[in-house]
Amino acid sequence: MPSRKFADGEVVRGRWPGSSLYYEVEILSHDSGSQLYTVKYKDGTELELKESDIKPLASFRQRKSGSTSSSPSRRSPARRSPGRSPGRPPKSSHQPASAAHRADITEIRKEVLEVKLTPLVLKPFGNSISRYNGEPEHTERNDIPHKTPQEKFHLSQDSSYVSTQYSLRPRGEENKLKEIEFQEEEVITKGPASLRTFEVPAAQTKDLEFGGVPGVFLIMLGLPTFLFLLLLTCKQKEPSLLNFPPPLPALSGLWETRVFGAYLLWFFVQALFYLLPIGRVVEGTPLADGRRLKYRLNGFYAFLLTSAAVGAALWWGVDLHYVYRHFLQFALAALVFSVALSVYLYVRARRAPLSQLSPSSSGNVIYDFFIGRELNPRIGTFDLKYFCELRPGLIGWVVVNLAMLLAEMKFQNRATPSLAMILVNSFQFLYVVDALWNEEAVLTTMDITHDGFGFMLAFGDLVWVPFVYSLQAFYLVRHPHEVSWPVACFIIALKLCGYVVFRCANAQKNAFRKNPTDPRLAHLKTIHTSTGKNLLVSGWWGLVRHPNYLGDLIMALAWSLPCGFNHILPYFYVIYFAVLLVHREARDERQCRKKYGVAWDRYCQRVPYRILPYVY
């Protein structure tokens, strides 16, 4: 068996398929059967190359030192005579080149500087790269429509300088080759950096989600209204769908400045915890311009600090039952804050560079206000979307549940909380702790990588999560339900079953995304795609296409069962969550089919079941 020339982790120069350009790459692995190297370019692209298409860095350095030409980026324009054409060789003792000779050089320059730049335009959008392994080429559609070739990208001044001011000096065939190789080296060095200004249309001509502009307008009006009707119904002593909607309180009774101040204090304390320099710093997925944002993983530490602060407050006699008595006022305060935050996000996004806009933005004011115009809005290093995704709402959910537990004990004159309340609190506590412990996994979700930060996520993270996900605990305060131990054991077993499916599926997915060549994953079967990535078709992901969603649904049912069957209200979360996951699964299907094309069709044939086994 032939021995390999390059080792894993070695940094070399790899030829871009179909061109004569060499880029700096890192060797990831080597297939002894096909004799192909899997390499990773600086922009995150992973391809398989032949050994003949890979050269050590030293060979390029030697050529560079042997060339007598200076780098265009370092050469002053004054060194060229004002009256001399950029392509004409300077006057010297050398004989002038023949017309045919100059024509050859011109053709080579055109090939290097014009034609071979095309592949670089495609990758930053993340879904249009060909694999160089002899397979049929498959081109994917981007989320952003293509414009005319002249509008795809703009060359920076550096690139224009290379193409207009770099002159070759013919010194025989050997010197000619050195000059050409040196020129390629300069284009390679400067090329990717100079192609980072992309023309992204402000108004995308594509199908809008959620029913388009009318749909998102109704959602923004309907969801807050439905939330308050749901909470008012749940607070009634004898809730009934026949009496829906419940009597509405005066608007003045829903607003308290003190409550709004308490909510602001909560939000900014969580922001302070987010800024603490503790926890690992990791990089997110590559953006459209090739950058990777950095994120500090300290959500679990923020949860520990919050728990200590709440414990100290209870020790000092702070009445946490206040949260239950003013639950509607807290919900209104969170709603007002989320709307104000959404307005700020949209206004600042109007000044954001086009390359930083969300792929889901449309150019329509109403739709972009809802879906989010800017993908990663940041104030310095403070990432607003990433912070709201897990901190104020998710940690607040646990605090709200604790307040409901104390309120149940007070209203029902209990010395200890009911078994039903303990089950609900324990199950949802485990869910939140798991999310914060595995905080890095959120960086690959659609919320972070695709959706902008607008009303949809602001309202969902800050209002919907803490005030709807805590509905079971809120219901049990005024509607007690006794759970026997055999029933409790069954519910616990159901919860653990859902959690195992949820956690194992997510762990397998995240491990495969981090390192597909991990020996512990060698038993998994995959389908290769034209993007250079693989799709799992065995393990948990060979049972159904979204096993993590299946685990989520099982856990949601376990959260509601302790409330009994006297009313459908505690099961609203299960119904809503099933609709949410079906809709999200449909969004995932569209995105994956657009990204992976034929490979996704093959995947769907191998794994026909979507969320539930034996259900198409």
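Fair warning: this is a prediction, and the values are worked out from it, not measured in the lab.

Colleague: So what's going on with the pairing of strand β1 (residues 11–15)? Residues and values would help.
Modeller: Counting buried positions over the 5 residues of β1 gives 4, a clear majority of the element. Examined bridge by bridge, β1 and strand β2 (residues 22–31) share 5 bridges and lie antiparallel to one another. Opposite Gly14, over in β2, you have Tyr23 as the bridge partner. Between β1 and β2, which pair antiparallel in sequence order, lie 6 residues; one of them, Gly18, sits at a positive phi of approximately 85°. Note that β1 and strand β5 (residues 54–55) share 2 bridges and pair antiparallel. When the sheet's bridge partners are listed, Gly14 is paired in β5 with Ile54.

Colleague: Got a sec to walk through the confidence of the model for the chain? Specific residues and values, please.
Modeller: Mean pLDDT over the chain stands at 76; residues scoring 70 or higher make up 74%. Taken together, the stretch residues 62–103 has pLDDT below 50 and engages in 47 contacts with residues farther than four places along the chain or on a different chain. Across residues 612–616, where pLDDT falls below 50, the model places 10 contacts with residues more than four positions away in sequence or in other chains.

Colleague: Outline helix α8 (residues 257–275), listing residues and values.
Modeller: In this model α8 runs 27 Å from its N-terminal to its C-terminal C-alpha over 19 residues, within 8% of the 27 Å that 1.5 Å per residue would give. Three or more residues of α8 are buried, namely Val259, Phe260, Tyr263, Phe267, Gln270, Ala271, Phe273 and Tyr274. Take α8 and look down its axis: the buried residues cluster within an arc of 165°, on one side only. Turned more than 90 degrees away from the buried face of α8, the exposed residues are Thr257, Arg258, Leu265, Leu272 and Leu275. Each element contacted by the buried residues of α8 is listed here: α9 (299–315), α10 (321–325), α11 (327–349), β9 (382–383), α13 (384–411) and α16 (455–468).

Colleague: So what's going on with the pattern of salt bridges? Which residues, and what values?
Modeller: The full count for this structure, using the stated rule, is 11 salt bridges. When the shortest N-O distance is used, the salt bridge between Arg15 and Asp53 registers 3.1 Å. Taken together, the residues Arg15 in strand β1 and Asp53 in the loop between β4 (46–50) and β5 connect sequence positions 38 residues apart. Here Arg15 matches Asp53 in class, with each residue buried. The closest approach of N and O atoms between Arg378 and Asp383, which form a salt bridge, is 2.9 Å.

Colleague: Can you lay out the UniProt feature "transmembrane region" (unreviewed entry) in the chain for me, pointing to particular residues and giving the numbers?
Modeller: Mapped onto this numbering, the UniProt entry annotates "transmembrane region" (unreviewed entry) at residues 213–233, 253–276, 297–316, 328–347, 415–433, 453–471, 483–502 and 568–586. End C-alpha atoms of residues 297–316 are separated by 31 Å, and the span's content is 85% helix alongside 5% strand.

Colleague: Mind laying out the environment of Gly290, listing which residues take part and the relevant values?
Modeller: Considering the arrangement of structural elements, one finds Gly290 in the loop between β6 (280–283) and β7 (294–297). In this structure Gly290 comes out as partly exposed when scored by relative accessible area, which is 28%.

Colleague: For the layout of surface pockets, give the residues involved together with the corresponding values.
Modeller: By volume, the second largest pocket amounts to about 730 Å³. Forming the boundary of the second largest pocket are 27 residues, of which Ala262, Trp266, Leu320, Val323 and Val399 lie nearest the centre. Of all the secondary structure elements, the ones that give two or more residues to the lining of the second largest pocket are α8, α9, α10, α13 and α16. A total of 8 residues in the lining of the second largest pocket trace back to one element, the largest contributor, which is α8. Of the residues in the lining of the second largest pocket, the class split is 21 nonpolar, 4 polar and 2 charged.

Colleague: A description of the pairing of β4 should follow, citing residues and the corresponding values.
Modeller: Inspection of the sheet shows strand β3 (residues 36–41) paired to β4 by 5 bridges, in the antiparallel sense. Across the sheet, Val39 pairs through a bridge with Leu47, a residue of β4. Linking β3 back to β4 in an antiparallel pair, the connection comprises 4 residues, with Gly44 at a positive phi of about 95°.

Colleague: Please give an account of unusual backbone geometry that cites residues and values.
Modeller: For Phe210, which is not a glycine, the phi torsion comes out positive at approximately 60°. Here Phe210 lies in the loop between α5 (172–194) and α6 (212–235). The backbone of Asn413 sits at a positive phi, close to 55°, despite the residue not being glycine.

Colleague: Kindly report on the sheet that holds β5, identifying the contributing residues and their values.
Modeller: Reading across the sheet, the 5 strands line up as β4-β3-β2-β1-β5 and stay open at both edges, with antiparallel pairing between neighbours. With partners counted over all chains shown, the strands left at the sheet margins are β4 and β5, one partner each.

Colleague: Break down the environment of Gly279 for me, citing the residues and quoting the values.
Modeller: Here Gly279 lies in the loop between α8 and β6. In this structure Gly279 comes out as partly exposed when scored by relative accessible area, which is 32%.

Colleague: Explain the side chain of Ser342 residue by residue, including any values.
Modeller: Structurally, the position occupied by Ser342 is in helix α11. A distance of 2.7 Å separates a polar side-chain atom of Ser342 from the backbone oxygen of Ser338. Filtering out sequence-adjacent residues up to four positions away, Ser342 remains in contact with Phe369, Gly454, Phe455 and Ala458.

Colleague: Please give an account of the nonpolar core that cites residues and values.
Modeller: Counting 117 residues, the largest nonpolar core has Met404 and Tyr469 as the members making the most contacts within it. A per-element tally of this core places α13 first, with 16 residues. The residues that make up this core include at least three from each of domain 2 (204–482) and domain 3 (483–615). In contact with Tyr469, not counting residues within four places along its chain, are Trp397, Gln428, Trp464, Tyr573, Tyr576 and Phe577.

About the criteria used
- Residues numbered from 1 in each chain as written.
- Predicted model: local features only at pLDDT ≥ 70, side-chain atom pairs only at ≥ 80, totals over all residues.
- Heavy atoms only, no water.
- Buried < 20%, exposed > 50% of the residue type's maximum accessible area, 1.4 Å probe, protein only.
- Helix = DSSP H or I, 4+ residues; strand = E, 2+ residues; numbered from the N terminus.
- Pairing = 2+ DSSP bridges.
- pLDDT = per-residue confidence, 0-100.
- Contact = heavy atoms within 4.5 Å.
- Expected span 1.5 Å × (residues − 1).
- Arc of directions from axis to C-beta.
- Salt bridge = Lys/Arg side-chain N within 4 Å of Asp/Glu carboxyl O.
- UniProt positions renumbered as here; feature names shortened; annotations may be inferred.
- 1 Å grid on protein atoms, 1.4 Å probe; cavity = no way out; pocket = protein on both sides within 12 Å on 5 of 7 lines; lining within 4 Å.
- Points joined across faces, edges and corners; volume = space filled by probe spheres on them.
- Nonpolar A, V, L, I, M, F, W, Y, C, P; charged D, E, K, R; others polar.
- Polar contact = N/O pair within 3.5 Å; in protein donor to acceptor, adjacent residues only side chain to side chain.
- Core = buried A, V, L, I, M, F, W, Y, C linked by side-chain atoms within 4.5 Å.
- Domains from an automatic or database assignment.

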